[in-house]
Amino acid sequence: MTWRVKKRQGRNEVKIKNKKDFGLGVVSILIAAFITYMSVGLRATGYEGDPGPKMFPIMGALLMAVCGILVIINPEKDEKKFLTATQWKSAGIMFLVYILIAVMLFLFGFAVAVPIMLFVVTFMLSKLSLKEASLKKRIINSLIFGAVGGAVMYLAYVVGLGAKMPTGWIWTLVK
């Protein structure tokens, strides 16, 4: 349990053991409640039995709330440093890559940005998963994964589901 109840002079006093985990749990629950509130307002489709666009965010919010409750109920036993300097650097680089991907989606669209994104992220993570592999092998594996993964995603979303994906600002200027 996150808190311990002490009896002192006839009143109960709650002592929180791990304040970071408690705060993270409360913030997670509040964000989940906000997502749920915003999602309930989405209109349903005209098809009977179709929950519409609100189902996915509500399911995600429910999962987030459950995780927040679990963090409150069962916190870390020992408080250790959250991230080392190297881990902060890696997280910052990954964040910048995601910003770059968003810019690429805006400029070039889904068909160009997704394979490049898959290549870059796979290559970055292959340093951890393929430690003994050479740079050439990691690049080739990442290129194959980016090309095949991008093609599969394109076929699934655009061809299979008929989804309208971003085409990119550059391509609209060229047309």
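This structure is a prediction, so every number in the text was calculated from the model and none was measured. (Residues numbered from 1 in each chain as written. Predicted model: local features only at pLDDT ≥ 70, side-chain atom pairs only at ≥ 80, totals over all residues. Heavy atoms only, no water.)

**A word on the overall build of the protein chain**
Argument step 1. A count of helices and strands for the protein chain gives 6 helices and 2 strands.
Argument step 2. Its helices and strands taken in sequence order, the protein chain reads β-β-α-α-α-α-α-α from the N to the C terminus.
Argument step 3. Of all 175 residues assigned to the protein chain, the portion counted as buried reaches 18%.
Argument step 4. Long-range contacts, defined as pairs at least 24 residues apart, comprise 57% of the intrachain contacts of the protein chain with a sequence gap of at least 6.
Argument step 5. For the protein chain, the accessible surface area stands at approximately 13500 Å², while carbon and sulfur atoms represent 71% of it. (Helix = DSSP H or I, 4+ residues; strand = E, 2+ residues; numbered from the N terminus. Buried < 20%, exposed > 50% of the residue type's maximum accessible area, 1.4 Å probe, protein only. Contact = heavy atoms within 4.5 Å. Areas by Shrake-Rupley, 256 points an atom, 1.4 Å probe, with all protein chains shown as cover.)

**Description of the nonpolar core**
Argument step 1. Of all hydrophobic cores here, the largest spans 8 residues; its members are M94, V97, I101, F110, V114, M117, L118 and V121.
Argument step 2. The set of elements that each furnish at least two residues to this core consists of α3 (85–108) and α4 (110–129).
Argument step 3. Among the elements that line this core, the one with the most residues is α4, at 5 residues.
Argument step 4. For V121, the contacting residues outside a window of four places in its chain are M94, V97, Y98 and I101. (Core = buried A, V, L, I, M, F, W, Y, C linked by side-chain atoms within 4.5 Å.)

**Considering the side chain of D21**
Argument step 1. Here D21 lies in helix α1 (residues 19–40).
Argument step 2. We classify D21 as buried; its relative accessible area is 14%.
Argument step 3. Apart from residues no more than four positions distant in its own chain, D21 is found in contact with V71, P75 and E76.

**Observations concerning the environment of W169**
Argument step 1. Take W169: it is sitting in helix α6 (residues 169–174).
Argument step 2. Using a relative accessible area of 43% as the deciding quantity, one classes W169 as partly exposed.
Argument step 3. Leaving out residues up to four positions away in the same chain, W169 has contacts with F106 and L107.

**Comments concerning the layout of surface pockets**
Argument step 1. In this structure, the largest pocket spans a volume of roughly 320 Å³.
Argument step 2. Lining the largest pocket are T86, K89, S90, A91, I93, M94, F123, M124, L125, K127, L128 and R138.
Argument step 3. Mapped by element, the contributors of at least two residues to the lining of the largest pocket are α3 and α4.
Argument step 4. Per element, the largest residue contribution to the lining of the largest pocket is 6 residues, and it comes from α3.
Argument step 5. Class assignment for the residues of the lining of the largest pocket results in 7 nonpolar, 2 polar and 3 charged. (1 Å grid on protein atoms, 1.4 Å probe; cavity = no way out; pocket = protein on both sides within 12 Å on 5 of 7 lines; lining within 4 Å. Points joined across faces, edges and corners; volume = space filled by probe spheres on them. Nonpolar A, V, L, I, M, F, W, Y, C, P; charged D, E, K, R; others polar.)

**Some points on the confidence of the model for the protein chain**
Argument step 1. Chain-level pLDDT for the protein chain is 84 on average; 87% of the residues reach the 70-or-more range.
Argument step 2. Averaged over each element, pLDDT in the protein chain is lowest for strand β1 (residues 3–8) (54) and highest for helix α5 (residues 135–160) (92). (pLDDT = per-residue confidence, 0-100.)

**Digging into the environment of A44**
Argument step 1. Within the secondary structure, A44 sits in the loop between α1 and α2 (55–73).
Argument step 2. Given a relative accessible area of 41%, A44 falls into the partly exposed group.
Argument step 3. Here the alpha-carbon distance between A44 and K54, two residues 10 residues apart in the chain, equals 7.6 Å.

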